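# Secondary and tertiary structure notes
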Amino acid sequence: MLDIKLIREKPEFVKAALKKKGVDFDVDALVVFDEKRRKKIQQVDEARAEHNALSAGIAGAVGKEKERKIAASKNLKTALADAEFELKALDEEFLDIMYGIPNLPAEDVPQGKDESENKPIRTWGELPSFSFVPKDHMALGEALDIIDVERAAKVTGSRFNYLKAEAALLEFALVQFVMQALTNAETVRHIADGVERGYQQKPFIPVLPPVMIRPEMFRRMARLTSADKDERYYLQQDDMYLIGSAEHTLGSMHADEIISEEHFPLRYVGFSTSFRREAGSYGKDARGILRVHQFDKIELESFSLPEYSLKEHYFFIAVQEYIMQLLMLPYRVVLICTGDMGRPNARQVDIEAWMPGQNMYRETHTADYMTDYQARRLNTKVKRSNGAVEVVHTNDATAVAIGRTLIAILENYQQEDGSVRIPDAVKPFMGGITEIRRI
RNA sequence: GGUGGGGUGGCCGAGUGGUUGAAGGCGGCAGUCUUGAAAACUGCUAUACCUUAACGGGUAUCGUGAGUUCGAAUCUCACCCCCACCGCCA
C-alpha cells in the first residue's frame, strides 16, 4: 500500500510513476475521494465529542435534568450512527482502492511492456564449451537415475518429481553451503564490503518458517491479489494457503510490531518448500523440473531502515552473485522492466543462470526491493532513537532455488560420458562424492 | 477431537458499568545530588487518524468483530490466539 500522504501531496509525481508502470489509474479521483473521506471523519469525530461531553454530564445529574440529558444523548446517537455507517463504507472503499495501487517503480527501472524489455546489466562467467552435444537436465537426471518425474506423475501428477541419490544429497549440500556462508560473520562482511566499504555486516539469522499462511497475512504481504489467487494452493477446511515462497511467512513475522532502531537490519535466511499451482502455464516448460508445483528454496528477507533499503537490495544481489560465483555457474543479471515486475516491487532484479541443455539463460533468482509498500500494510515499524516511529522497508531475494540450481549444475558440469562433476563449493558437504556417475 | 483456565501499555500486574488511555511495580529517558558512577529523589515515558503555521485540540484503541446502555477494559454473543490435562501422533 502506498502512503496516502504522498498521493495527497504529490499527485503529479504519483501519476507519472504509475504511468511509467503502465497502470491506468485515476489519481485525481482518489484525491477527491480522500477529501470526502476526511470530511466524514471530521463530522463523525465532532459528533462523538459532543456525545461524549453529554454522557459525562449525566453521571452527576439527577431527576428531570438527568432525563433531559439522556434524551438529548439518545437523539445525538441516532445521527451519529448514520454518519458512522457512512464512514465505514467510505473506509472500506478507500482501502479497496489503496490496495489496488501497485508500488511505484524506482528511478532506474526501465519502462517496458513485458519481459522482452528487461535489461541485462552484466554477465559473469565463461559459457562452457563442450566437445559433444550437451544434454539437458532431464536426459542427464534420468540416465543417472537421480530425477524421476514419471513415478511422481503416477503418484501425484504432472509437475512433481522425486529427487534421488546424489540429487537428494546435493540439495542438502547446497543448503549447508549457503546456510554456513550466510551465518558466517567473515563471509557476510566480505560480501557487504563489496557493495560499499563498511556497509552493514550483520549476518543472517537462519529460520525454518511455517509453510502455511492465513489469508489475512497473505493479503497484507500483497501476495494474495486477485491475480495471485489462482497461483495459490488453498486448504479450504482450515482457511489457509500453502506458501509460494518462504518470503510469505518470513516477511509477515514482524507484523504489528514496533522494533527499536538498533536492531536493524534484521536479516533472515529461511529454508522452506514452496508450492505453486502454475495455473495458466500449461505446456510452458513442461519437460523436466524447471517449473514444478513443489520445490525447496532458500530465501533472504530483510527489514531495514529506509535510508539503507536500496543498498540492502544491492547487498542481496551481491549475496546471490557470491553464491553463483562459488558454484562457478555462469549467469547474467537482469534489471526487470516496469511491465514484468511484481506489483509490490519498486525494483526487481533477476539472475539467470546459463543452461547449456537449453542453450539459454533461465531465471534462477529474483531480488525484490519493496520500499515501505509491504511494511505499511503489515504495520511493521521502527522506533528511532529520537522517539520517532516510521514504517520500515523490506527486501526479499532468492538465495538458492534448489531445483533450478540443480538443473544449472547438471547441465554445466556434465561430461561426455553422461557423468556430472560436483562443484567444489559443495564438495565438503557431499560425503566424499566428487561426481555423479552410473556404470 | 474432548475438558478446564486465560488474553489489559516495552514487561509484570490492578481494575466487574460513569473524568480509566487505564492504579502500582519493573524497565527506559531527562534532571537533582556526586570528582565520576551507583543509590536516593523529581519529572517524563503507547499507537493511529482528523485538525492546527505552531502551541494545542479532538476521535479511536484493554485479543478481533458484533451487540446491550445516555455511558463498556468491566455485561451478552461469535470468532481468533495462548496455557494445562486427556485422546491421537512425527
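Residues numbered from 1 in each chain as written. Chains lettered and ligands numbered in written order. Predicted model: local features only at pLDDT ≥ 70, side-chain atom pairs only at ≥ 80, totals over all residues. Heavy atoms only, no water.

Under the annotation held in an unreviewed UniProt entry, chain A carries the name Serine--tRNA ligase and is attributed to Candidatus Sungbacteria bacterium RIFCSPHIGHO2_02_FULL_51_29. Recorded under Pathway (unreviewed entry), the UniProt text for chain A is reproduced unchanged: "Aminoacyl-tRNA biosynthesis; selenocysteinyl-tRNA(Sec) biosynthesis; L-seryl-tRNA(Sec) from L-serine and tRNA(Sec): step 1/1." Per UniProt, chain A carries the Subcellular location (unreviewed entry) text "Cytoplasm". (UniProt positions renumbered as here; feature names shortened; annotations may be inferred.)

Let us look at the protein's contact with RNA strand B. Residues in contact with RNA strand B amount to 23 residues; listed here are only the nearest, Gln42, Ile58, Ser73, Lys74 and Arg214. Sugar and phosphate atoms constitute 88% of the interface atoms of RNA strand B, taking the interface as everything within 4 Å of the protein. Arg8 is positioned with one of its side-chain polar atoms (N or O) 3.0 Å from a phosphate oxygen of RNA strand B. For RNA strand B, a phosphate oxygen lies 3.4 Å from a polar atom in the side chain of Arg38. (Near = heavy atom within 4 Å. Polar contact = N/O pair within 3.5 Å; in protein donor to acceptor, adjacent residues only side chain to side chain.)

Pairing is possible between side chains that carry opposite charge, provided their charged atoms lie close to one another. As enumerated under the stated definition, the model contains 39 salt bridges in all. When the shortest N-O distance is used, the salt bridge between Asp45 and Arg48 registers 3.9 Å. Residue Asp45 and its partner Arg48 are both found in helix 3 (residues 27-58); the two are separated by three residues, about one turn of the helix. The exposure class assigned to Asp45 is partly exposed, which follows from its relative accessible area of 41%. Between Asp285 and Arg362 there is a salt bridge whose closest N-O contact spans 3.1 Å. Separated by 77 residues along the polypeptide, Asp285 in the loop between strand 9 (266-275) and strand 10 (294-304) and Arg362 in strand 13 (residues 360-369) bring together distant segments of the chain. Residue Arg362 is classed as buried on the basis of its relative accessible area, which comes to 15%. The network of salt bridges with common partners includes Arg8, Asp34, Arg37, Arg38 and Asp91. (Salt bridge = Lys/Arg side-chain N within 4 Å of Asp/Glu carboxyl O. Helix = DSSP H or I, 4+ residues; strand = E, 2+ residues; numbered from the N terminus. Buried < 20%, exposed > 50% of the residue type's maximum accessible area, 1.4 Å probe, protein only.)

What follows covers the UniProt feature "binding site: L-serine" (unreviewed entry) in chain A. The UniProt record marks Arg276 and Glu299 with the feature "binding site: L-serine" (unreviewed entry), using the residue numbering of this structure. Turning to its location among the elements, Arg276 is positioned in the loop between strand 9 and strand 10. In this structure Arg276 touches Glu231, Tyr233, Gly244, Ser245, Val292, His293, Phe295 and Lys297, once residues within four positions along its chain are discounted. Polar side-chain contacts of Arg276 include one of 2.8 Å to the backbone oxygen of Gly244. By secondary structure assignment, the location of Glu299 is in strand 10. Residues contacting Glu299, with those up to four places away along its chain left out, are Ser245, Ala246, Glu247, Leu250, Tyr268, Val269, Gly270, Asp396, Ala397, Thr398 and Ala399. (Contact = heavy atoms within 4.5 Å.)

A few words now on the side chain of Glu321. In this fold, Glu321 is placed in helix 12 (residues 309-326). Apart from the residues within four sequence positions on either side, Glu321 is in contact with Arg122, Tyr331, Val333 and Ile351.

For strand 12 (residues 347-355), a buried count of nine out of nine residues is recorded, marking the element as mostly surrounded by other parts of the structure. Here strand 11 (residues 331-335) pairs with strand 12 via five bridges, running antiparallel. Considered in strand 12, the bridge of Leu335 is made with Val349. Judged from the nine bridges that link them, strand 12 and strand 13 form a sheet pairing that is antiparallel. From the neighbouring strand, Glu352 faces strand 13, where its bridge partner is Glu363. Connecting strand 12 to the next strand, strand 13, in antiparallel fashion are four residues, including Asn359 with a positive phi near 60 degrees. (Pairing = 2+ DSSP bridges.)

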